[in-house]
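This is what each chain is made of:
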Amino acid sequence: MSKIKREKSKMELWAENEVKIACHRKGDEFDYGCASYESALKAFKTLCKDGHSGASIMFTKAILNRMITGKPLTPIEDTEDVWNEVHGRKDASKHYQCKRMSSLFKDVKPDGTVKYTDVDRFHGVNIANPHYSYHSGLIDTVMSELFPIKMPYMPLIDAYRVYTEDFLVDPKNGDFDTVCILYVVTPKGEKVETNRYFKDAPVGFAEIDRDEYLKRKEAAKARLEKAGENNA
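Residues numbered from 1 in each chain as written. Predicted model: local features only at pLDDT ≥ 70, side-chain atom pairs only at ≥ 80, totals over all residues. Heavy atoms only, no water.

Asker: Before we move on, could you go through the packing of helix H1 (residues 10-24) against helix H2 (residues 34-49) and cite the residues and values that matter?
Answerer: Across the interface, H1 lies against H2 with an axial gap of 10 Å and an inter-helix angle of 175°. With respect to each other, H1 and H2 are oriented roughly antiparallel. Contacts between H1 and H2 involve Met11, Glu12, Ala15, Glu16, Val19, Ala22 and Cys23 from the former and Cys34, Tyr37, Glu38, Leu41, Phe44, Lys45 and Cys48 from the latter. For the contact of H1 with H2, the per-class residue count stands at 10 nonpolar, no polar and 4 charged. (Axes fitted to C-alpha atoms, helices over the stretch in contact; angles between N-to-C directions. Helix = DSSP H or I, 4+ residues; strand = E, 2+ residues; numbered from the N terminus. Parallel < 35°, antiparallel > 145°, perpendicular 65-115°, else oblique. Contact = heavy atoms within 4.5 Å. Nonpolar A, V, L, I, M, F, W, Y, C, P; charged D, E, K, R; others polar.)

Asker: Quick rundown of the pattern of salt bridges? Include the residues and the values.
Answerer: All told, the structure shown has 11 salt bridges when counted by the stated rule. Among the salt bridges present, the one from glutamate 212 reaches lysine 199, with a minimum N-O distance of 3.0 Å. In this pair, glutamate 212 sits in helix H5 (residues 210-231) while lysine 199 sits in strand S9 (residues 191-200), placing the two residues 13 residues apart along the sequence. The exposure class assigned to glutamate 212 is partly exposed, which follows from its relative accessible area of 26%. (Salt bridge = Lys/Arg side-chain N within 4 Å of Asp/Glu carboxyl O. Buried < 20%, exposed > 50% of the residue type's maximum accessible area, 1.4 Å probe, protein only.)

Asker: Give a detailed account of the sheet that holds strand S3 (residues 104-108), specifying residues and quantitative values.
Answerer: Across a sheet, strands are paired by hydrogen bonds formed along the backbone, either parallel or antiparallel in direction. Here 4 strands make up an open sheet; going across it, the order is S1-S2-S3-S4 and the pairing antiparallel. In this open sheet, the two strands that pair with only one neighbour each are strand S1 (83-86) and strand S4 (114-118). If you compare each strand with its neighbour and ignore which way they point, the axes differ by 30° on average. Where S3 lies against S4, 5 bridges are found, and the strand directions are antiparallel. Of the residues in S4, the one forming a bridge with valine 108 is valine 114. (Pairing = 2+ DSSP bridges.)

Asker: Describe in detail the side chain of threonine 194, supporting the description with residues and values.
Answerer: Along the chain, the position of threonine 194 falls in strand S9. Filtering out sequence-adjacent residues up to four positions away, threonine 194 remains in contact with Met143, Leu146, Ile181, Leu182, Tyr183 and Val184.

Asker: Give me the lowdown on the sheet that holds strand S10 (residues 205-208), citing residues and values where you can.
Answerer: Here 6 strands make up an open sheet; going across it, the order is S6-S5-S7-S8-S9-S10 and the pairing mixed. Strand pairing shows two members of the sheet lacking a second neighbour, strand S6 (133-134) and S10, which therefore form its edges. Strand direction decides the pairing type here: strand S5 (residues 122-126) and S6, joined by 2 bridges, are antiparallel. Bridged to glycine 124 within S6 is tyrosine 134.

Asker: How would you sum up the layout of surface pockets? Please name residues and give values.
Answerer: Reported here for the largest pocket is a volume of approximately 260 Å³. Lining the largest pocket are 17 residues, and of these Arg121, Pro155, Leu156, Tyr160 and Pro187 sit closest to its centre. Estimated volume of the second largest pocket: approximately 190 Å³. Residue lining of the second largest pocket: Ala40, Ala43, Phe44, Leu47, Ile57, Thr60, Lys61, Leu64 and Asn65, and that is the complete set. Among the elements of the structure, H2 and helix H3 (55-68) are those that each provide at least two residues to the lining of the second largest pocket. (1 Å grid on protein atoms, 1.4 Å probe; cavity = no way out; pocket = protein on both sides within 12 Å on 5 of 7 lines; lining within 4 Å. Points joined across faces, edges and corners; volume = space filled by probe spheres on them.)

Asker: Can you break down unusual backbone geometry residue by residue, with the values?
Answerer: With an omega dihedral of -5°, the bond running from methionine 151 to proline 152 counts as a cis peptide bond. Considering the arrangement of structural elements, one finds proline 152 in the loop between helix H4 (137-146) and strand S7 (160-167). Phi angles above zero are rare outside glycine, and asparagine 195 is one such case at about 50°. Here asparagine 195 is to be found in strand S9.

Asker: Can you break down the state of the cysteines residue by residue, with the values?
Answerer: In total, this model carries 1 disulfide according to the counting rule given. Across the disulfide from cysteine 23 sits cysteine 34; the S-S distance is 2.4 Å. With cysteine 23 in helix H1 and cysteine 34 in helix H2, this residue pair connects regions lying 11 residues apart in the sequence. We classify cysteine 23 as buried; its relative accessible area is 16%. Of the cysteine sulfurs around cysteine 48, a residue in no disulfide, the closest is that of cysteine 23, at 17 Å. Since its relative accessible area comes to 11%, cysteine 48 is described here as buried. (Disulfide = S-S within 2.5 Å.)

None of the figures reported here should be taken as evidence of function without further support.
Okay, structure coming up:
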């Protein structure tokens, strides 16, 4: 006995037509080829076939988004079975990586103090080049003080976007030697003023006050102007 063919819904027909249009569009810089469109259509059809619509399809989308971005579907508990010990570190602490989320680490100091770090949690954004993000140990340290990870841990999909400014006072220090962490926009869209200032130190960065930061900024500006005059 043959199966009764399921009639396509209006949503499926609409999606098929949109994919058809996208696949035939030429000269668009955002055209990544039909393969991605057809893969998305396949997933969409599966959701429709399973009877999802309205609220349920949005709930399923949220679950899929977490899977795609490598986020856990339920909160992570600090239990022994979710950690692998990471070797090769030089200090006396014990270091662990989470089995459920590879970006999450735990450090346990000899005195029993525990610190959690999610290396994908904070994205730096330089105000001079706001279209690109970067990772920084300084940002991770400062932001972890403001927004410490607590267990159970259920990370949001979006990262904290940390806006910074940097410049170079002494050319021997490389690309920059002075940094200001201006503010952070949380995954929920809240803006939190930070205004913390740092300069290059023998090991990492040392915190400075606003007055010293502004003096260093003027010195950096004067250095660039002098260099421009010499090259003229």
